[in-house]
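# Observations on chain architecture
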Amino acid sequence: MMTDDLKVTVERRGANGAILYTRGYINNVGGEEIANQAYELIDGGVDTLLLNLRETKIVNSIGISILIEIMEKMMEKGGRLGFCCLTPVISKTFQIMGLAQYAPIFTDEESALKEFGL
Amino acid sequence: MTQTAERQMELTLPMLPDVEIAAAKAAGNLGRQLGMDSDAIDEMVHAIVEACINAREHSCCVDQRIYLRFRGTAGKDGRPRIEVWITDHGRGFDPAHARAHRAIAPGRPQKRGWGLQIMEAHMDEVEIDSTPSGTTIRMVKYGGGKS
């Protein structure tokens, strides 16, 4: 109602990798949109997924809880999930909620792609 | 604004999806007017978002409203300060009980129940006054010069 809907763009990287670019507020609806895209990729064989949040400036704890569910699904599949280009406050919020203990956070996309071999 | 100027603002918001963004934008505008740095504004915005979501999700109030009051000052030390009160007329909650459920489950991050902790991490002061007739969360954020 007050903000634009979250937009998610997918970029495939090789046979088993992908980057999800988000733009907008990650709330419950935005989180579900990211999850839908991520689950489709994971079910299609993607085992290395990078979420680039460079155009997301606000998140809430409900949206992050959905990101945790994506991370759990990737962990169950034995794959890798990471985040990059977070604002300082979003990075801090990820740390508070413990997400950073289970998924790497990269300052920029280049270092994330290098680490993930994408 | 001058160093001793004070700005006050009140908002009454309906408990609708994403209404927290209206509160966040108002707080952000006030912070910029006072010369608060962008990181401090972002932290304040995220804390206010969580407070509004908690009110909307858990207060069960009959009037379905969130009442916000802001007081912004630029002190003699040049340090902007924003004080915000977020009130609902719901059933209240026990802050001690909420804090007791913060632990991270072994091996997996806990998904929900982080709102209060996020508020306390992002703000300089957080006080909760909760009774069976409503809750007011008072928070204070200090910010440096313009970034």
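Scroll up to find the structure.
Residues numbered from 1 in each chain as written. Chains lettered and ligands numbered in written order. Predicted model: local features only at pLDDT ≥ 70, side-chain atom pairs only at ≥ 80, totals over all residues.

### Thoughts on the overall build of chain B
A count of helices and strands for chain B gives four helices and five strands. If you list the helices and strands of chain B from N to C, you get β-α-α-β-β-α-α-β-β. Burial statistics for chain B: of 147 residues in total, 39% are counted as buried. Counted over contacts in chain B with a minimum sequence separation of 6, partners at least 24 positions apart contribute 70%. (Helix = DSSP H or I, 4+ residues; strand = E, 2+ residues; numbered from the N terminus. Buried ≥ 20, exposed ≤ 12 C-beta atoms within 10 Å, placed from the backbone. Contact = placed C-beta atoms within 7 Å.)

### What about the interface of chain A and chain B?
Across the contact, 23 residues belong to chain A and 27 residues belong to chain B. Listed by contribution, the elements that provide at least two residues to the side of chain A that touches chain B are α2 (61-76) and α3 (88-96) of chain A.

### Some thoughts on the sheet that holds strand β4 (residues 80-84) of chain A
All names here are of chain A. The strand order across the open sheet built from five strands is β1-β2-β3-β4-β5, with neighbouring strands paired in mixed fashion. Where the open sheet ends on each side, the last strands, each with one partner, are β1 (7-13) and β5 (105-106). The strands touched by helix α1 (residues 28-43) are β1, β2 (17-23) and β3 (48-55); relative to β2, the strand with the most contacts, the crossing angle is about 170°. The strands touched by helix α4 (residues 109-116) are β2, β3, β4 and β5; relative to β4, the strand with the most contacts, the crossing angle is about 165°. (Pairing = 2+ DSSP bridges. Axes fitted to C-alpha atoms, helices over the stretch in contact; angles between N-to-C directions.)

### Focus: the nonpolar core
Most often, soluble globular proteins have nonpolar side chains that are buried together. Of all hydrophobic cores here, the largest spans 73 residues; its most connected members are Leu49(A), Ala27(B), Met44(B), Ile48(B), Cys52(B) and Ile86(B). Leaving out residues up to four positions away in the same chain, Ala27(B) has contacts with Met44(B), Val45(B), Ile48(B), Phe70(B), Ile82(B) and Val84(B). (Core = buried A, V, L, I, M, F, W, Y, C linked by C-beta atoms within 7 Å.)

### Here we look at helix α4 (residues 115-122) of chain B
Every α-helix winds through 3.6 residues per turn, so residues three or four apart in the chain are directed the same way. Within the span of α4(B), buried status applies to Gly115(B), Leu116(B), Ile118(B), Met119(B) and His122(B). Around the axis of α4(B), the buried residues are gathered within 165° of arc, so they sit on the same side. (Arc of directions from axis to C-beta.)

### Considerations on the sheet that holds strand β5 (residues 134-142) of chain B
Hydrogen bonds between backbone groups are what pair the strands of a sheet, and the pairing can be parallel or antiparallel. All names here are of chain B. Across the sheet, five strands lie side by side as β1-β2-β3-β5-β4; this open sheet has antiparallel pairing. The open sheet is flanked by β1 (6-14) and β4 (125-131), the only strands paired with a single partner. With strand direction ignored, the average angle separating the axes of adjacent strands in the sheet is 10°. Here β1 pairs with strand β2 (residues 65-74) via nine bridges, running antiparallel. In the sheet register, Leu13 faces β2, and the bridge partner there is Ile66. Across the sheet, helix α1 (residues 20-34) touches β1, β2 and β3 (80-88), and the angle it forms with β1 is around 170°.

### Section: the environment of Gly90(B)
Residues and elements named next belong to chain B. Structurally, the position occupied by Gly90 is in the loop between β3 and α3 (95-100). With 23 C-beta atoms counted inside 10 Å, the residue Gly90 sits in the buried group. For the pair Gly90 and Pro132, spaced 42 residues apart in the sequence, the C-alpha separation amounts to 7.2 Å. Once residues lying within four places of it in the same chain are set aside, the contact partners of Gly90 are Ser59, Cys60, Cys61, Gly134 and Thr135.

### Quick look at the packing of α3(A) against helix α2 (residues 38-58) of chain B
Packed helices, taken two at a time, are described by the angle their axes make and the gap between the axes. Interaxial distance between α3(A) and α2(B) falls to 9 Å at its minimum, and their mutual angle equals 45°. Viewed along their axes, α3(A) and α2(B) adopt a mutual orientation that is oblique. Where α3(A) crosses over α2(B), the two elements pack in a sense that is right-handed. Here Pro88(A), Val89(A) and Thr93(A) of α3(A) lie close against α2(B), whose contacting residues are Asp39(B), Asp42(B), Glu43(B) and His46(B). (Parallel < 35°, antiparallel > 145°, perpendicular 65-115°, else oblique. Left-handed = near helix turned anticlockwise from the far one by under 90°.)

### Points about the pairing of β4(B)
Residues and elements named next belong to chain B. Note: β4 against β5, seven bridges, orientation antiparallel. The partner of Glu125 across the bridge, within β5, is Val140. Hairpin connection from β4 to β5: two residues lie between these consecutive antiparallel strands.

### Thoughts on unusual backbone geometry
Residue and element names in this part refer to chain B. At Asp18, a residue that is not glycine, the phi angle is positive and equals roughly 70°. Its place among the elements puts Asp18 in the loop between β1 and α1. Here Gln64, not a glycine, exhibits a phi torsion of approximately 55°, which is positive. Mapping Gln64 onto the fold places it in the loop between α2 and β2.

Geometric values such as these leave the question of function open.
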